[in-house]
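Structure assessment
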Amino acid sequence: MLAKFVLSFLLIIIIFGAALYIEYYYAHQVRNAEEEIIEMNNFQEQLLNLEIDHLVWMTSLYEMMVGGEAPTLGDHTECNLGQWYYNISPEEYFREPYEAMEEPHRHLHSHGQEVVALFTGGEEEEARRVFNEEIKPDLNLVRENLGEMISLTEAEIDEMKV
């Protein structure tokens, strides 16, 4: 009788221990997934900020053309997007829009410098033409690629939640 009681008690302890281990394991998995989701949400926020930076950049050119100061523009590696772009290795899930963004981003900055040079050199109409025909489409491509990376990241987050 005592042996059955001890054996039953040991069996309960083993089951309880196994349940604790399983709970710990899955809680750890959930915590890791939550941390990864938070990191991905922060990444999306960073991409949105990079988009805003370039809208502000374009606004500085527009302001110059309506009577404001000529902005000092760096090249495509000096802005926040360029600093980010050339200092990461992209995840596979957003590699395509990441790589597609490099050329329009480079053109965006070179055309921006061209607009400033043209405008400050007195060629205001040509500066406006380059602004409208080159900068706006380049900026739209950069924004589309950033938006696609945000959407792809959201899809990754959704997959993790399942």
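Note: the structure precedes this text.
All of the points below concern the structure found in this document. Along each chain, residue indices are assigned from 1 in the same order as the chain's sequence is written. A pLDDT threshold of at least 70 governs which residues receive local features in this predicted model, and a stricter bar of 80 or more applies before side-chain atom pairs are shown or counted, although totals over entire chains, interfaces and linings include all residues. As a rule here, side-chain values come from all non-hydrogen atoms in the structure, and water together with hydrogens is ignored.

What follows is about the packing of helix α1 (residues 2–65) against helix α4 (residues 124–161). Interaxial distance between α1 and α4 falls to 10 Å at its minimum, and their mutual angle equals 170°. One way to sum up the angle between α1 and α4 is to call them roughly antiparallel. Any residue outside Ala, Val, Leu, Ile, Met, Phe, Trp, Tyr, Cys, Pro, Asp, Glu, Lys and Arg is labelled polar, Gly included; the first ten of those are nonpolar and the last four are charged. Partitioning the contact of α1 with α4 into residue classes produces 22 nonpolar, 4 polar and 8 charged. For helices, the fitted axis covers only the stretch in contact; all axes are lines through C-alpha atoms, and the angles between them, taken along N-to-C directions, range from 0 to 180 degrees. A run of DSSP states H or I qualifies as a helix once it reaches four residues; a run of E qualifies as a strand once it reaches two. Both are numbered from the N-terminal end. If an angle is under 35 degrees, it is roughly parallel; if it is over 145, roughly antiparallel; if it lies from 65 to 115, roughly perpendicular; otherwise it is oblique.

Looking now at the nonpolar core. Across soluble globular proteins, you tend to see nonpolar side chains buried next to one another. By nonpolar core is meant a set of buried Ala, Val, Leu, Ile, Met, Phe, Trp, Tyr and Cys residues that side-chain atoms within 4.5 Å join together. A simple rule labels every residue: compare its accessible area, found with a 1.4 Å probe on the protein chains alone, to the largest value its type can have, and call it buried under 20%, exposed over 50%, or partly exposed in between. In terms of nonpolar packing, the biggest core is built from 30 residues, with Leu 61, Trp 84 and Val 115 touching the most fellow members. If you list the elements that add at least two residues to this core, you get α1, α2 (80–85), α3 (95–120) and α4. Looking at this core, the element that brings in the most residues is α4, giving 9 residues. Working rule for contacts: check all heavy atoms of both residues, and any pair within 4.5 Å makes them a contact. In this view, Val 115 contacts Leu 61, Met 64, Met 65, Ala 127, Val 130, Phe 131 and Ile 135; residues no more than four positions away in its chain are not counted.

Fair warning: the whole summary comes from geometry, so function is off the table for now.
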